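The residues making up each chain are set out below.
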Amino acid sequence: MESVNLEVLQRFIRLPGILLILGIAACSLTGIQTPIAKPALTVQPAQAPTLRSLAQSRRFYIGTTVNVNALRDEAAYSATLAREFNMVTPEVSMKFSETEPQRGIFTFAQADYIVAFAQAHQMQVRGHNLVWYTDLPAWLTNGKFTRAELITMLRDHIITEVKRYRGQVNIWDVVNEAMGDGTLRDSIWLRGIGPEYIDMAFQWAREANPQARLFYNDYGGEGLGRKSDAIYALVKGMLQRGVPLDGVGLQMHISLNSYPNQKDVLANMQRLAALGLEVQITEMDVKTQDDARPMQAKLAAQAQLYGEMLQTCLSVTACTAFVMWGFTDAHSWIPAFTGRPDYPLIFDALYRPKPAYFALVQALSQSTRVGVK
Ligand code: G3I
């Protein structure tokens, strides 16, 4: 288990230091989890560092996706979010099916709620996502459209959404997951418009917000290999054609027994940076369900992976943000998607920090990075 940073831990358990140390010693000696009694006296610990304060002092962004219902309904969710992160990505609220459920009829209330929260807490927002092969509204997937009609509809969607958030959302995942295992993934856009839909989408996003940083975002190409090489070739070609592309998002959806080699992630980040691109880790989570080890061992391995990927990003100047796909096990997409329980994130379902949280604190604390403004 990661060496526990007592100062940080104190924030989560309002106990005077000496009691806390005795408590932890008792646990380690007896190996049992001594229930921590409500303190007779509360000693306010010195303001312990948070992920956000550590990131901010290095001009770095540490973020998470946001479940708008939890943000609205759960005080612990919004409090933890504001305390620990300086970047947010709406989990679904800015997607095509959520924002244009009927052709030409836009619904931004959920996205507005997240953007307002971010503005109130001085957080950056990653707009996600403008063009995807899935989560599309029925009017689009069930319709029969000419190439010209699809171009008009996609342009109108992108221009409307990006213009709405000018000055509030300055990073966009313009195209999400367009790559299959080495060739472009089949989609309504590829079939109906052709591969040029990708270049068009970035040009329309640039037209709608000249200040925004425009990202291509994908999974499975974080390290080196066939898909990573295909994404590298895609973005290199876009740059050669003068397409307004600013960065690549490496999603980093991994598991305890399936993850990219840290050296390969570093090499991939460096080669993308050499093209003049920004890189961000955009959706990290670490599935635990396919590993038979005892939970404590799994949590330690999970912490190692979170810490390593953050260290790797911090070691590359062009890697400007580390964003996770959620922060509490109470709200992860994985259990619903797999139909099995899972514990992929850095806080447990009761918002208690897991070893992975302390691994991120350690990686940030040890980083000598001084980011660019
Ligand atoms: O809000 C409705 C609710 O009213 C309804 O009762 C319920 C049951 O149908 O569905 C709810 O909407 C769901 C939505 O998540 C909000 O929970 C959608 O069905 C469901 O498809 C949607 O799944 C999201 C998925 O993207 C598709 O948009 C996941 O939460 C989200 O974590 C996942 O995120 C993606 C990234 O965008 C791209 N990278 C991969 C990542 C994981 O798949």
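Residues numbered from 1 in each chain as written. Predicted model: local features only at pLDDT ≥ 70, side-chain atom pairs only at ≥ 80, totals over all residues. Heavy atoms only, no water.

Student: How should I be thinking about the environment of L272 in this particular structure?
Tutor: Within the secondary structure, L272 is located in helix α13 (residues 262-274). C-alpha of L272 to C-alpha of V235: the two residues are 37 residues apart in sequence and 8.7 Å apart in space. Setting aside chain neighbours within four positions, we find L272 in contact with Y232, V235, V248, L250, L277 and V279. (Helix = DSSP H or I, 4+ residues; strand = E, 2+ residues; numbered from the N terminus. Contact = heavy atoms within 4.5 Å.)

Student: Where do I start with the site of the ligand in this structure?
Tutor: Taken together, 13 residues surround the ligand, and among them E91, K95, H128, D135 and E283 come closest. For the ligand, an oxygen atom lies 2.6 Å from a polar atom in the side chain of E91. Contacts to the ligand include K95, whose side-chain N or O atom sits 2.6 Å from an oxygen atom. Grouping the amino acids of the shell around the ligand by side-chain chemistry returns four nonpolar, four polar and five charged. (Near = heavy atom within 4 Å. Polar contact = N/O pair within 3.5 Å; in protein donor to acceptor, adjacent residues only side chain to side chain. Nonpolar A, V, L, I, M, F, W, Y, C, P; charged D, E, K, R; others polar.)

Student: Is there a simple way to think about the pairing of strand β5 (residues 213-218) in this case?
Tutor: Across a regular strand the side chains alternate sides, sitting on one face of the sheet and then on the other. β5 sits mainly inside the fold: five of its six residues count as buried. Bridge count between strand β4 (residues 171-176) and β5: five bridges; the pairing is parallel. Bridging from a neighbouring strand, W172 pairs with L214 of β5. Once the chain exits β5 it traverses helix α12 (residues 226-240) before rejoining the sheet at strand β6 (residues 247-250), and the crossover so formed is right-handed. (Buried < 20%, exposed > 50% of the residue type's maximum accessible area, 1.4 Å probe, protein only. Pairing = 2+ DSSP bridges. Right-handed = clockwise from strand over helix to strand, strands pointing away.)

Student: Teacher, can you tell me more about the side chain of T312 here?
Tutor: On the secondary structure map, T312 appears in helix α14 (residues 295-314). With sequence-adjacent residues up to four places away left out, T312 is seen in contact with Q262, V265, L266 and M269.

Student: Explanation requested: the pattern of salt bridges in the structure shown.
Tutor: Pairing of side chains with opposite charge becomes possible as their charged atoms draw close. If you walk through the whole model with that rule in mind, you get 17 salt bridges. With its nearest N and O atoms 2.8 Å apart, the salt bridge here joins R83 to E84. R83 sits in the partly exposed class, given a relative accessible area of 26%. (Salt bridge = Lys/Arg side-chain N within 4 Å of Asp/Glu carboxyl O.)

Student: Before we go on, may I ask you to explain the packing of aromatic side chains in this structure?
Tutor: Any pair of aromatic rings gets described here by the distance separating the centres and the angle formed by the planes. Taken as a whole and judged by the stated rule, the model has 13 aromatic pairs. An angle of 55° between the planes, with centres 6.2 Å apart, marks the rings of F96 and W139 as tilted. Of this pair, F96 sits in helix α6 (residues 96-99) while W139 sits in helix α8 (residues 138-141), placing them 43 residues apart in sequence. Accessibility classification places F96 together with W139 in one group, the buried group. In textbook terms, an aromatic cluster arises when at least three aromatic residues are bridged by ring pairs, as seen for Y77, F85, F327, F347, Y351, Y357 and F358. Above the ring of F215, the side-chain terminus of R126 is found at 5.1 Å from the ring centroid. Residue placement shows R271 over the ring face of Y232; its charged tip is 4.7 Å from the ring centre. (Phe/Tyr/Trp six-rings, centres within 6.5 Å; stacked < 30°, edge-to-face > 60°. Lys NZ or Arg CZ within 6 Å of the ring centre and 35° of its normal.)

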